[in-house]
Amino acid sequence: MSSKPIGVFDSGVGGLTVSKEIMELLPHEAIVYLGDTARVPYGSKSPETITRYAFEGLKFLLSMNVKLVVIACNTVSATCLKELQNNSNVPVIGVIEPGARAAVRTTTSKKVGVIGTERTVKSKVYESAIKEIDSEIMILSKACPLFVPLIEEGWLDKEATYLTIAEYLMPLKKEGIDTLVLGCTHYPLLKPSIARVLGEEIKLVDCAKETARIVRETLESMGLLNQGDLPYEEKHKYYVTDNPEKFKEIGERFLNKKIEHIEKVRL
Ligand code: DGL
C-alpha cells in the first residue's frame, strides 16, 4: 500500500505548485497528476458543474490505485471537498484547511486578506475555516481573476502585472491586513511580485506548502509513507484532458523541471 502513488487533482496546470511542494517534502513518493485542461478554468463556473467535474476527476484518480488524493484546486476544495471525502475509500485532502490554519498562526493584527477565484471568494470557505479557529479574526476577500492568465503567460515580472497586483491588493493593505492567503493554485508563482508591491511586512500564506505538510502528516499517521526509492522517470505521471503540449510548456515552468509521461485522457 505504501508504494502506491499520491493522486493530485486540479482544473489544469496550477496544481503543479502543490505537486512541487509534495515532491520537495516527500521525494520518495510517486505522484499521479490529473489536470482537467479541457475544461479549465473552474473558477468562474457554477458549484454544480465544478462538483460534477471534480467527481469525474476523483473517479479517474481512484482508478489509478492511489493511496491518497490531494485536491490541489482551491475552487474545487471550496466547492465540494466534503462530498468528495464522503465518496472516497482513501483520504482526500483539500487546500483550504491548511491555508486557514497557517493564516491564523501568522496574523498578529487579526486582519487577514484572502485572494482566489470568483468561486472560491463567493463560497466564503476561508472565512468559515479561519473563524472556526479564531472568531476574532477579520477577513477581507478579493477575487483576482486576472492573475491566472498573467501567470500562465509567464508575466511574473512585467509592469502590467505589478499594476494589476496594486489595483487588486492595495485596498486590502489600506484596510490593515498583515497576512494574505494565496487561495489559488497559481498564486505562489506571484509571491515575489506581490511582496514587492505590498512590502515585506505583509506575510504571504502559501497553501501549497501547507498542504504538502498535511499530506506528510496524514501518510505518516497511517503508516503509508513510501520507504523505497523509485527511479525518478518511473515516479511521476501526468494526465490531462486536452492539449498535453501546452501543459508541458507551462507546467515545466511551474515545476522547474522536465515533465515526462504525459498522456491525454477522457474523463
Ligand atoms: N485551480 C484553480 C484554483 O486554484 C484556478 C484555475 C481555475 O479557475 O480553474 O482555484
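In what follows, the structure referred to is the one given above.
Residues numbered from 1 in each chain as written. Predicted model: local features only at pLDDT ≥ 70, side-chain atom pairs only at ≥ 80, totals over all residues. Heavy atoms only, no water.

K.L.:
Would you take a moment to explain the sheet that holds strand β8 (residues 203-206) for this structure?
P.N.:
Paired through backbone hydrogen bonds, the strands of a sheet run either parallel or antiparallel to each other. Reading across the sheet, the 4 strands line up as β6-β5-β7-β8 and stay open at both edges, with parallel pairing between neighbours. The strands lining the two open edges of the sheet, one partner per strand, are β6 (138-143) and β8. Adjacent strand axes in the sheet meet at a mean angle of 25° when their direction is disregarded. Sheet topology places strand β7 (residues 179-183) next to β8; 4 bridges connect them, and they run parallel. Paired with Leu-180 across the two strands is Leu-204, which belongs to β8. Against the sheet, helix α10 (residues 207-221) contacts β7 and β8, and its axis sits at roughly 45° relative to β8. (Pairing = 2+ DSSP bridges. Helix = DSSP H or I, 4+ residues; strand = E, 2+ residues; numbered from the N terminus. Axes fitted to C-alpha atoms, helices over the stretch in contact; angles between N-to-C directions. Contact = heavy atoms within 4.5 Å.)

K.L.:
What is the right way to look at the site of the ligand in this model?
P.N.:
In the region of the ligand, the neighbouring residues are Asp-10, Ser-11, Val-40, Pro-41, Tyr-42, Gly-43, Cys-73, Asn-74, Thr-75, Thr-117, Cys-184 and Thr-185. Interatomic distance of 2.7 Å between a backbone N/O atom of Tyr-42 and an oxygen atom of the ligand. Interatomic distance of 2.9 Å between a side-chain N/O atom of Thr-185 and a nitrogen atom of the ligand. Calculation on the ligand without its partners gives an accessible area of 300 Å², and the protein chains cover 98% of this total. Within the shell around the ligand, the residues separate by chemical class into 5 nonpolar, 6 polar and 1 charged. (Near = heavy atom within 4 Å. Polar contact = N/O pair within 3.5 Å; in protein donor to acceptor, adjacent residues only side chain to side chain. Areas by Shrake-Rupley, 256 points an atom, 1.4 Å probe, with all protein chains shown as cover. Nonpolar A, V, L, I, M, F, W, Y, C, P; charged D, E, K, R; others polar.)

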